[in-house]
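Survey of secondary and tertiary structure
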Protein chains: 2
Amino acid sequence: MHDAPLDRFYSVIPAGGIGSRLWPLSRADAPKFLHDLTGSGHTLLRDTWNRLVPLAGDQRVMVVTGRAHRAAVEAQLPELADANVVLESEPRDSSAAIGLAAAILERREPGVIIGSFAADHVISGSELFRAAVVEAIAAADAGFIATIGITPTEPAVGFGYIHTGDELGVTDAPSALAVRSFVEKPDLETARDYVESGTYLWNAGMFIARADRLLEELASTQPELHAGLLELAEAWDDPALRGPAVDRIWPTLTKIAIDYSVAEPAAARGRLAVIPGRFVWDDVGDFASLAKLNSAGRASDLAILGENARVLSDASSGIVVSRSNRVISLIGVQDIVVVDTPDALLVTTSAHAQRVKAVVDALRLGGSSDVL
Amino acid sequence: MHDAPLDRFYSVIPAGGIGSRLWPLSRADAPKFLHDLTGSGHTLLRDTWNRLVPLAGDQRVMVVTGRAHRAAVEAQLPELADANVVLESEPRDSSAAIGLAAAILERREPGVIIGSFAADHVISGSELFRAAVVEAIAAADAGFIATIGITPTEPAVGFGYIHTGDELGVTDAPSALAVRSFVEKPDLETARDYVESGTYLWNAGMFIARADRLLEELASTQPELHAGLLELAEAWDDPALRGPAVDRIWPTLTKIAIDYSVAEPAAARGRLAVIPGRFVWDDVGDFASLAKLNSAGRASDLAILGENARVLSDASSGIVVSRSNRVISLIGVQDIVVVDTPDALLVTTSAHAQRVKAVVDALRLGGSSDVL
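Because the structure is a prediction, the values reported are computed rather than measured.

Broken down by element type, chain A carries 11 helices and 17 strands. Compactness check: chain A gives a C-alpha radius of gyration of 21 Å against a globular reference of 21 Å for 372 residues, within 12% of the reference. Referenced to the eigenvectors of the C-alpha coordinate spread, the extents of chain A come out at roughly 65 × 50 × 35 Å. In chain A, which comprises 372 residues, the proportion classed as buried is 55%. Relative to all contacts within chain A whose residues are 6 or more apart in sequence, the contacts with residues 24 or more apart total 67%. Carbon together with sulfur atoms contributes 51% to the accessible area of chain A, which is approximately 14900 Å² in total.

Here it is as structure tokens:
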């Protein structure tokens, strides 16, 4: 007989993406998850950790990150056990990252239930968050791939949505609903329809599942990737074998988001459950989102981020992110986005915040990788 | 009998104002005249010098500047003779600066004709400029206080205007006109009327006069200031006397613009002559003016100033002044003004460029004088 589901729970934090739309704040050497984007005094990674530790303790949180970020991650999370650090030699997308964690943990602890939560999202309402996770764990224990969908508070066009179905009637997961489908970022009109219908949730990219179930899904949709991950996991806890296995296998792993390799196929077969979450969530996808998050929704305000910010604003609104100690003066600029770092400056408006990624691409092509 | 008027001519360059509306480019320790604002490769001061030297040679140009700027001025003008440097212990406005130069030069060389030209204006068309000065010198020789007014090319609201009167019929100054009055910066409608009338010129603040005539005007409107200047001039060329005289007299001098102490009173008495100048002139009073000057009038362009500028613009217009070697990215911002310096950043729009001075005042009051 298994332990109670929560005792078998293990959090996994994939800490990978740079967050290119938050350049020049986010960089290859200072990705989004290493920033304090809310003025909490903590990086997003540390906030994520703090939110997860009460679920199963600080020895049951695994972080999957790039080799380059190891020192920064360990500085943020001094409690993190060595065995819980999984280093990627290069990014191979979320199926590889989460799948490897699942394979390693399943080997160490058959029957383990894992929950994967991005290192760079913002949540307020940790109690509500954990209550939703506990329900998701129950759904996972019942064999579902579970996710947590956020009850929309507005017709956001920057998020994907989950179209929910009937109640599943899972023991200890009374809110669990079936998932009809995942839908991509909608236009505004469609988003309005979604919100009005009451049957759509924001896809927050949280997945909770028995590791063996998750690997089973992967095996059916991505057999090569699955085989590679099992081989890696087998070598992982042997110091003599891990290095050669990583060098040999990691670069060959298929790059695919776990949404496509696991979640959507599971949904199509009725094996996905969603727990609606009523906590406040944001993936802080761009500076418009960051501005909103830091201005308490007051559009006329100027949000200022940065401990040592010296900002003088005359009739201006938007957001200033200060990572230098320079004096920043704004006069008569509305919805402005100013991101001031020692080697790069961005000036745009909320309306164009999504185009930041294109600038990053242009800088890379133009030989300015020194500031990326 | 006197020498020919041009042989008695001496240029005076008051190099004083910081140019607060160009902060954070212009600073107390890097005033406007020490910047290259046109991409000419020279500072405005050096351009002014180069424009004046052909008139009477490099030994007949006097510079009046602050003690703090002595080294910078001498670095810009290595040809400048020691006797031609007049240092102000503190700014006392243009009547004191130009009046002292007049008094010193009149003592050294009775009958001298001086021409005062700001160190921080932009002119293109040096030949036309000098032709106008030569006419102004003739008018000055005939006893007038002469000025050069710029034929307006548009209804500018950022300049004062000169309302011209009849032809004066001065020998060797065929364009010389009487001056009916000086008028302050107009509103747009008034400016349009001025330009249409054909009888208004921009006041470029250039004054050409016999030094004794200029001092006579000062004596009648500002007798105390005049007396102080004569006393200073008497001590000036005696190394033992200059220091004590400056310490005693300079701080007591009335602060008043030469427009009010000399030009307007002379105009009221019919003693002012104006030579219309058809060269391109700008006082580069703010960043809107600087943007225009550097974009050849194409409103959709982004003007970029700065030798080492690394600017990436996506659908943006306005001006970027780069005094750091940071990468500056602009996305979708129109008529923007971005001024990037190592310790201060300004973001505004052309429409608000005049308000920069208020920011400087606010920074001073707010204890941020370190960046002024």
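What follows concerns the UniProt feature "domain: MannoseP isomerase/GMP-like beta-helix" (unreviewed entry) in chain A. Cross-referencing UniProt, the feature "domain: MannoseP isomerase/GMP-like beta-helix" (unreviewed entry) maps to residues 316–363 of chain A in the present numbering. Secondary structure within residues 316–363 of chain A divides into 17% helix and 44% strand; the distance between the first and last C-alpha atoms comes to 28 Å.

A few words now on the relation of the copies chain A and chain B. Relative to chain B, chain A is turned by 180 degrees and slid 0.1 Å along the rotation axis, the superposed coordinates differing by an RMSD of 0.1 Å. These values place the two chain copies in the arrangement generated by a two-fold rotation axis. Measuring from the rotation axis to each C-alpha of chain A, the shortest distance belongs to A:Val347, at 4.1 Å. Comparing interface residues between copies, 100% of those in chain A also sit at the interface in chain B, which points to an isologous, same-surface contact.

As a further point, take the interface of chain A and chain B. Contacts between chain A and chain B engage 34 residues on the former and 34 residues on the latter. Surface buried jointly by chain A and chain B totals about 2600 Å² across both partners, of which 60% is contributed by carbon and sulfur atoms. In terms of surface lost to chain B, no three residues of chain A exceed A:Arg326, A:Ile331 and A:Leu345, which account for 26% of the buried area on that side. The interface formed by chain A and chain B contains 6 salt bridges. The partner of A:Asp340 in a salt bridge is B:Arg326, and the shortest N-O contact between them spans 2.9 Å.

Attention shifts here to helix 6 (residues 211–221) of chain B. Regarding helix 6 of chain B, the residues found buried are B:Ala211, B:Arg213, B:Leu214, B:Leu215, B:Glu217 and B:Leu218. Where helix 6 of chain B is buried, its residues contact helix 3 (93–108), strand 4 (113–116), strand 6 (145–150), strand 9 (200–210), helix 7 (223–236) and helix 9 (258–268) of chain B.

Now for the sheet that holds strand 17 (residues 344–349) of chain B. Ordered in space as 13(A)-15(A)-17(B)-16(B)-14(B)-12(B), the 6 strands form an open sheet in which the pairing is mixed. Both outer strands of the open sheet, strand 13 (310–314) of chain A together with strand 12 (302–305) of chain B, are each paired with one neighbouring strand and no more. Taking the axes of each pair of neighbouring strands and ignoring which way they run, one obtains an average angle of 10 degrees across the sheet. Across 4 bridges, the pairing between strand 15 (residues 327–331) of chain A and strand 17 of chain B is parallel. The partner of A:Val327 across the bridge, within strand 17 of chain B, is B:Ala344. Its contacts with the sheet place helix 10 (residues 287–294) of chain B against strand 12, strand 14 (318–322), strand 16 (336–340) and strand 17 of chain B, and it is angled at close to 95 degrees to strand 14 of chain B.

Let's shift gears to the environment of B:Lys292. Residues and elements named next belong to chain B. In this structure, Lys292 sits in helix 10. For Lys292, a relative accessible area of 44% translates into the label partly exposed. Between the C-alpha atoms of Lys292 and Ile319, which are 27 residues apart in sequence, the distance is 8.6 Å.

Turning next to the sheet that holds strand 17 (residues 344–349) of chain A. Sheet architecture is open: 6 strands sit in the order 12(A)-14(A)-16(A)-17(A)-15(B)-13(B), paired in mixed fashion. The sheet is open, and its two edges are formed by strand 12 (302–305) of chain A together with strand 13 (310–314) of chain B, each paired on a single side. Taken over all neighbouring pairs, the strand axes of this sheet differ in orientation by 10 degrees on average, direction set aside. Where strand 16 (residues 336–340) of chain A and strand 17 of chain A come together, 5 bridges link them in antiparallel fashion. Across the sheet, A:Asp340 pairs through a bridge with A:Leu345, a residue of strand 17 of chain A.

The next thing to look at is a negative patch on the surface. On the surface, a cluster of negative charge is contributed by A:Asp187, A:Glu189, A:Asp193 and A:Glu196. Residue position: A:Glu189 is located in helix 5 (residues 188–197).

To continue, consider the side chain of B:Arg326. For B:Arg326, the position within the fold is in the loop between strand 14 and strand 15 (327–331). Residue classification places B:Arg326 among the buried residues on the basis of a relative accessible area of 4%. Within the structure, B:Arg326 has its side chain in polar contact with the backbone oxygen of A:Thr341 (distance 2.3 Å). Each residue touching B:Arg326, except ones within four places of it in the same chain, is listed here: A:Arg326, A:Asp340, A:Thr341, A:Pro342, A:Asp343, A:Ala344, A:Leu345, B:Arg310 and B:Asp340.

Given 3.6 residues per helical turn, the α-helix brings residues three or four places apart onto the same face. All names here are of chain B. Listed as buried for helix 8 (residues 239–249) are Ala245, Val246 and Ile249. Considered in projection along helix 8, the buried side chains sweep an arc of 100 degrees and stay on one side of the axis. Residues of helix 8 that are exposed and point more than 90 degrees away from the buried face comprise Ala240, Asp247 and Arg248. For helix 8, the elements touching its buried residues are helix 7. Between the side-chain oxygen at the start of helix 8 and the backbone nitrogen of Ala240 there is a gap of 2.9 Å, and the oxygen is on Asp238.

What counts and what doesn't
Residues numbered from 1 in each chain as written. Chains lettered and ligands numbered in written order. Predicted model: local features only at pLDDT ≥ 70, side-chain atom pairs only at ≥ 80, totals over all residues. Heavy atoms only, no water. Helix = DSSP H or I, 4+ residues; strand = E, 2+ residues; numbered from the N terminus. Rg over C-alpha atoms; globule rule 2.2 N^0.38 Å. Buried < 20%, exposed > 50% of the residue type's maximum accessible area, 1.4 Å probe, protein only. Contact = heavy atoms within 4.5 Å. Areas by Shrake-Rupley, 256 points an atom, 1.4 Å probe, with all protein chains shown as cover. UniProt positions renumbered as here; feature names shortened; annotations may be inferred. Least-squares fit on C-alpha atoms with pLDDT ≥ 70 in both. Buried area = accessible area lost by both parts, 1.4 Å probe. Salt bridge = Lys/Arg side-chain N within 4 Å of Asp/Glu carboxyl O. Pairing = 2+ DSSP bridges. Axes fitted to C-alpha atoms, helices over the stretch in contact; angles between N-to-C directions. Patch = residues over 30% accessible without salt bridge, like charges linked within 9 Å, V, L, I, M, F, W, Y side chains within 5 Å. Lys, Arg positive; Asp, Glu negative; His and termini not counted. Charge placed at Lys NZ, Arg CZ, Asp CG, Glu CD. Polar contact = N/O pair within 3.5 Å; in protein donor to acceptor, adjacent residues only side chain to side chain. Arc of directions from axis to C-beta.

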